[in-house]
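Observations on the three-dimensional arrangement
In case you want the letters, here they are:
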Amino acid sequence: TALPLRIRQKIVFYMDLPTLLRFRRTSQEAQVLVKEELANSLYHLIASKFISTYHFPSFLKFLEESHGVIGGEVALAFLIRDLPIVPTTLDIFVPDSRPRGPIYDFLSTQHGSLCFTRWRSLPPYKTEHYRGTVKEIGTWKTEDITINLHITRDYTPLTAVVSTIATHLASFVTARFF
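The structure presented is a predicted model; accordingly, all values stated were derived computationally and were not measured.

So, the overall build of the protein chain
Check the secondary structure of the protein chain and you find seven helices and six strands. Going from N to C terminus, the protein chain has its helices and strands arranged as α-α-α-α-β-α-β-α-β-β-β-α-β. Per-residue burial over the protein chain gives 43% buried out of 178 residues. For the protein chain, contacts bridging at least 24 residues in sequence account for 63% of all contacts bridging at least 6. Counting every atom, the protein chain has about 9,800 Å² of accessible surface; 56% of that belongs to carbon and sulfur.

Written out as structure tokens, the structure reads:
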């Protein structure tokens, strides 16, 4: 604690995830520093590119209320902090058993340039990509980004996340990180 706060924050910024998790266990101050760093990391991955900076706290609230998780490229970039991964797709997984209206309305109205393109219903026997665990996918697009809202058949969205055919995308982040 002899170092100024700004320098400690900078050191934490350069830590990979396993080091952050070990460091987090050393003290309450370290726990706070790691929590702030993970929050900043998620903010920088999502805010302004996918969700407006102003609406980001509301997005996390909707995500938590719907028991949703973030998967795909954004989760991968969040977990692998030392690689320059620049996500172009935000995949949100929400269980069908939870009300999805608020997050759907939020995505449809909060971002002026975001255009809803379609809902796709996937039959339970469909084996491509999510092996039958995703019921519907709503897609919003701009020229540069895509946001997919996956409605899962199971009570937990994690079944769909881990059922992806690409193992590097079988990771997730929640509103409370992971």
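As for the pairing of strand β5 (residues 146-152)
On any regular strand, side chains alternate: one points to one face of the sheet, the next to the other face. Across the seven residues that make up β5, a large majority, seven, are buried. Along β5, one buried face is formed by Thr146, Asn148, His150 and Thr152 and the opposite face, lined by Ile147, Leu149 and Ile151, is buried too. Pairing analysis gives seven bridges linking strand β2 (residues 89-95) to β5, with the strands arranged parallel. Residue pairing across strands places proline 95 opposite threonine 152, the latter belonging to β5. In terms of strand pairing, strand β4 (residues 134-141) meets β5 through seven bridges, oriented antiparallel. For glycine 138, the partnering residue across the bridge sits in β5 and is leucine 149.

Section: the packing of aromatic side chains
Under the criterion given, the structure shown has two aromatic pairs. Centroid distance phenylalanine 13 to tyrosine 14: 5.0 Å. Interplanar angle 85 degrees. Geometry classified as edge-to-face. Overall, the relative accessible area of 61% leaves tyrosine 14 in the exposed class. Ring geometry for tyrosine 43 versus phenylalanine 56: centroids 5.3 Å apart, planes at 85 degrees, classification edge-to-face. One end of the pair, tyrosine 43, is in helix α3 (residues 28-46); the other, phenylalanine 56, is in helix α4 (residues 56-65), and 13 residues separate them in sequence.

How each quantity is defined
Residues numbered from 1 in each chain as written. Predicted model: local features only at pLDDT ≥ 70, side-chain atom pairs only at ≥ 80, totals over all residues. Heavy atoms only, no water. Helix = DSSP H or I, 4+ residues; strand = E, 2+ residues; numbered from the N terminus. Buried < 20%, exposed > 50% of the residue type's maximum accessible area, 1.4 Å probe, protein only. Contact = heavy atoms within 4.5 Å. Areas by Shrake-Rupley, 256 points an atom, 1.4 Å probe, with all protein chains shown as cover. Pairing = 2+ DSSP bridges. Phe/Tyr/Trp six-rings, centres within 6.5 Å; stacked < 30°, edge-to-face > 60°.

Remember that the coordinates give geometry; whether it matters functionally is a separate question.
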